[in-house]
Amino acid sequence: MSDRLSVFKTYKLYVGGKFPRSESGRVYEVTDSKGKWLANAPLSSRKDARDAVVAARKAQGGWAGATAYNRGQVLYRVAEMLEGRREQFVREVADAEGISKSKAAAQVDAAIDRWVWYAGWTDKIAQVVGGANPVAGPFFNLSTPEPTGVVAVLAPQESSFLGLVSVLAPVIATGNTAVVIAAEKAPLPALSLGEVLATSDVPGGVVNILTGRTAEIAAPLAAHQDVNAIDLTGADADLARDLEIAAADNLKRVLRPQPVDFSADPGTHRLTAFLETKTVWHPTGSLGASGSAY
């Protein structure tokens, strides 16, 4: 028998590239599907939510200003780091969702592949949703996608890792920053993802991860004047309705909850959900005496 003491992991929030405890100092017990204690997770407060928005706003300009190719490199680096910690995530997903190790491994592999999928889209989505528009007159008319800004994301409650990655990756792939509320009963894979992001090339503040009571944290985010959009995937019908009403105050973009099979082909819907379209007009000019134009 080993005479070593068990070293229990201390899970913390991920805000602004750092790992603070909850401002309130509160925690709550996280258990597996059989009620066995796994860890204490931070119980985020409204102040934590506001701090996360401040961090996301501070990082947004730099992240949106990075080249799409660079963002793709950063997302691919996250996939590399996840691959290296695959066994940890398999264990945490199996415990969180009460599934076998083989099923958990399939979900973790799918989540890693999804990071790679979205990494490949960062410098291609503009070609799909942007373009040159035909106009009557001597003008160029070009439409290009721009990120919405700071996006609050309510992660799926029933898919603690694959679902989380599926809603988070497209938000940051297109230049937005995110404040994520992890699955209330299964937050540990999300907090471990924060550790991966911190040791990859994702700038601090681009992703901020909160844990606790979803309704308690989501309410101030939906009403926050500096949050530009909200994804309600992890909200039930009653909470989603209340949050949508609060979000209307500053005309946030809202992605309503709907049944999703996260194992299916994700398509481009979530990539375009939090994009704006910027249209630029520019006069054409004449070249030489012939009057030919460009």
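Now for a description of the structure that goes with this document. Everything numeric here is computed off the predicted structure, so don't read it as measured data.

Let us now look at the overall build of the protein chain. When you go through the protein chain residue by residue, the secondary structure sums to 10 helices and 12 strands. Over its C-alpha atoms the protein chain spans a radius of gyration of 21 Å, differing by no more than 12% from the 19 Å that the globule rule assigns to 294 residues. With the principal axes as the frame, the protein chain shows a C-alpha extent of 95 × 40 × 35 Å. For the protein chain, with 294 residues in total, the buried portion stands at 47%. In the protein chain, the share of contacts with a sequence separation of at least 24, taken over all contacts with a separation of at least 6, comes to 74%. Put simply, the protein chain shows about 14,100 Å² of open surface, and 54% of that area lies on carbon and sulfur atoms. Across the protein chain, 30 positive and 31 negative side-chain charges occur, with their mean positions spaced 3 Å apart.

Another point: the environment of Val 165. Locating Val 165 in the fold gives a position in helix 6 (residues 162–173). Counting along the chain gives 150 residues from Val 165 to Val 15, while the straight-line C-alpha distance between them is 17 Å. Residue contacts for Val 165: discarding those within four places in its chain leaves Ala 111, Arg 114, Trp 115 and Pro 170.

Direction vectors running N to C along helix 8 (residues 214–223) and helix 9 (residues 237–247) enclose 20 degrees, while the axes themselves pass 8 Å from each other. Judged by the angle between their axes, helix 8 and helix 9 are roughly parallel. Here the hand of the crossing between helix 8 and helix 9 comes out right-handed. When helix 8 is examined against helix 9, the residues Thr 214, Ala 215, Ala 218, Ala 219, Ala 222 and Ala 223 are found in contact with a partner set consisting of Leu 239, Leu 243, Ala 246 and Ala 247. The residue inventory of the contact of helix 8 with helix 9, partitioned by class, reads 9 nonpolar, 1 polar and no charged.

Here is what the cut-offs are and how they apply
Residues numbered from 1 in each chain as written. Predicted model: local features only at pLDDT ≥ 70, side-chain atom pairs only at ≥ 80, totals over all residues. Heavy atoms only, no water. Helix = DSSP H or I, 4+ residues; strand = E, 2+ residues; numbered from the N terminus. Rg over C-alpha atoms; globule rule 2.2 N^0.38 Å. Buried < 20%, exposed > 50% of the residue type's maximum accessible area, 1.4 Å probe, protein only. Contact = heavy atoms within 4.5 Å. Areas by Shrake-Rupley, 256 points an atom, 1.4 Å probe, with all protein chains shown as cover. Lys, Arg positive; Asp, Glu negative; His and termini not counted. Charge placed at Lys NZ, Arg CZ, Asp CG, Glu CD. Axes fitted to C-alpha atoms, helices over the stretch in contact; angles between N-to-C directions. Parallel < 35°, antiparallel > 145°, perpendicular 65-115°, else oblique. Left-handed = near helix turned anticlockwise from the far one by under 90°. Nonpolar A, V, L, I, M, F, W, Y, C, P; charged D, E, K, R; others polar.

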